[in-house]
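# Structural characterization, general
Here is what each chain is made of, one letter per residue.
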Amino acid sequence: MSLPSSPSDPAAVRLTGVVKAFGSGDARTLALKGADFTAAQGELHLLVGPSGCGKTTLLSVAAGTLEWDEGQVDLFGTRLNDLSPSSITAFRRRHIGFIFQQFNLITTLDLVENVSVPLLLNGTRRRDAEDKAAALLARVGLAGRERKRPSQLSGGQQQRVAIARALVHEPRLLIADEPTSALDRETGHQIMDLLATAARSPGRSVIIVTHDPRTYSYADRLTEMEDGRVAGVHHGPALKDFISIHH
Ligand SMILES: Nc1ncnc2c1ncn2[C@@H]1O[C@H](COP(=O)(O)OP(=O)(O)OP(=O)(O)O)[C@@H](O)[C@H]1O
Ligand SMILES: [Mg+2]
């Protein structure tokens, strides 16, 4: 699905009053309690907050992978509320990359095949897809390991495969749930450089959930969540103050 050209430069992501409950009866958990969240185009946006506050839930709604109960979700000016489930899937395949908290690699495929999946889903020929996948694996430091299976890699290496897979189709929106959690210092900075470059390209955006203070200096904007809601947004000098307090 093509996107409308955006003369008014709408937000990459805008969630308005989003409510999401899991379960029912005594087991009902209200994970999002009317969350208002905006991520601009051309920015690397961090999402922080205590465990269980709703970060993964919010990003799953923004990625179109989780249905929500109330509120509006707009991506690059397209209202997901108005799309059918199959249109949301088509939109997601074309425009969104997602790095999951548990990497979700396909264990029966080798690394090149794993990274090729988003391109194949969008109709790229296998040869071209695998060439692109191999080039991106090299950029995340995995050259020479293309034909290994995920189970033959360390946690940090698997995380880098997941990052390559999320970037390979050059999505307009990249959503990453703790992309540096399993990485050493040096690799973590390489990956953040790669993500920041993707974020600051015109018409693109990257949103990262993180508990890792090493990522803070890469942020253009930072949203704090608390108990199912957005509790604060920091940018400019206020973001510098936040970083100096929490680093
Ligand atoms: N599939 C699910 N079924 C039931 N409850 C869920 C489900 N997913 C999340 N929850 C609940 O929703 C709330 C928010 O969870 P979420 O995973 O969004 O938190 P989080 O901020 O990502 O936490 P963490 O930092 O630990 O990853 C939690 O209370 C959690 O137990
Ligand atoms: Mg989470």
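The sections below set out a description of the structure shown in this document.

Conventions we followed
- Residues numbered from 1 in each chain as written.
- Chains lettered and ligands numbered in written order.
- Predicted model: local features only at pLDDT ≥ 70, side-chain atom pairs only at ≥ 80, totals over all residues.
- Heavy atoms only, no water.
- Pairing = 2+ DSSP bridges.
- Helix = DSSP H or I, 4+ residues; strand = E, 2+ residues; numbered from the N terminus.
- Buried < 20%, exposed > 50% of the residue type's maximum accessible area, 1.4 Å probe, protein only.
- Polar contact = N/O pair within 3.5 Å; in protein donor to acceptor, adjacent residues only side chain to side chain.
- Contact = heavy atoms within 4.5 Å.
- Near = heavy atom within 4 Å.
- Areas by Shrake-Rupley, 256 points an atom, 1.4 Å probe, with all protein chains shown as cover.
- Phe/Tyr/Trp six-rings, centres within 6.5 Å; stacked < 30°, edge-to-face > 60°.
- Lys NZ or Arg CZ within 6 Å of the ring centre and 35° of its normal.
- Axes fitted to C-alpha atoms, helices over the stretch in contact; angles between N-to-C directions.

Below, the discussion takes up the pairing of strand 9 (residues 221–226). Pairing between strand 3 (residues 44–48) and strand 9: 4 bridges, direction parallel. Opposite histidine 45, over in strand 9, you have arginine 221 as the bridge partner. When strand 9 meets strand 10 (residues 229–235), the two strands line up antiparallel, connected through 6 bridges. From the neighbouring strand, arginine 221 faces strand 10, where its bridge partner is histidine 235. Taking the residues that link successive antiparallel strands as the turn, the strand 9-strand 10 hairpin has 2 residues, and the phi of aspartate 227 there is positive, at about 50°.

This part covers the side chain of glutamate 43. Within the secondary structure, glutamate 43 is located in the loop between strand 2 (29–39) and strand 3. Residue glutamate 43 is classed as buried on the basis of its relative accessible area, which comes to 15%. Here arginine 221 takes part through its side chain, which lies 2.8 Å from a polar atom of the side chain of glutamate 43. Discounting residues that sit within four places of it in the chain, glutamate 43 has contacts with Ala199, Arg204, Ser205, Val206, Asp220 and Arg221.

Before going further, it helps to examine the site of ligand 1. If you check the shell around ligand 1, you find 13 residues, and the closest are Ser51, Gly52, Lys55, Thr56 and Thr57. One of the backbone N or O atoms of glycine 52 is found 2.8 Å from an oxygen atom in ligand 1. At a separation of 2.9 Å, an oxygen atom of ligand 1 approaches a polar side-chain atom of threonine 56. Calculation on ligand 1 without its partners gives an accessible area of 640 Å², and the protein chains cover 61% of this total. Going through the elements one at a time, strand 2 and helix 1 (55–62) are the ones with two or more residues in the shell around ligand 1.

Turning next to the packing of aromatic side chains. The final tally for this structure, using the stated rule, is 2 aromatic pairs. Here the aromatic rings of phenylalanine 98 and phenylalanine 100 are separated by 4.7 Å at their centres, their planes lie at 25°, and the arrangement is stacked. On the basis of relative accessibility, which here comes to 12%, the residue phenylalanine 98 falls in the buried class. Where tyrosine 216 meets phenylalanine 242, the ring centres are 5.8 Å apart and the plane angle is 55°; that geometry is what we call tilted. With tyrosine 216 in the loop between strand 8 (205–209) and strand 9 and phenylalanine 242 in helix 7 (residues 236–246), the pair connects residues that are 26 residues apart, well separated along the chain. Judged on exposure class, the residue tyrosine 216 and its partner phenylalanine 242 are both buried. Over the ring of phenylalanine 22 we find lysine 20, and its NZ or CZ is 5.2 Å from the ring centre.

This brings us to the sheet that holds strand 3. Strands sit in the order 6-7-8-3-9-10 across an open sheet of 6 strands; the sheet is mixed. The sheet is open, and its two borders are formed by strand 6 (96–99) and strand 10, each paired with just one other strand. Along the sheet, successive strands turn relative to each other by an average axial angle of 15°, direction set aside. Judged from the 4 bridges that link them, strand 3 and strand 8 form a sheet pairing that is parallel. Across the sheet, leucine 46 pairs through a bridge with isoleucine 208, a residue of strand 8. Against the sheet, helix 5 (residues 155–167) engages strand 6 and strand 7 (173–177), with an angle of about 170° to strand 6.

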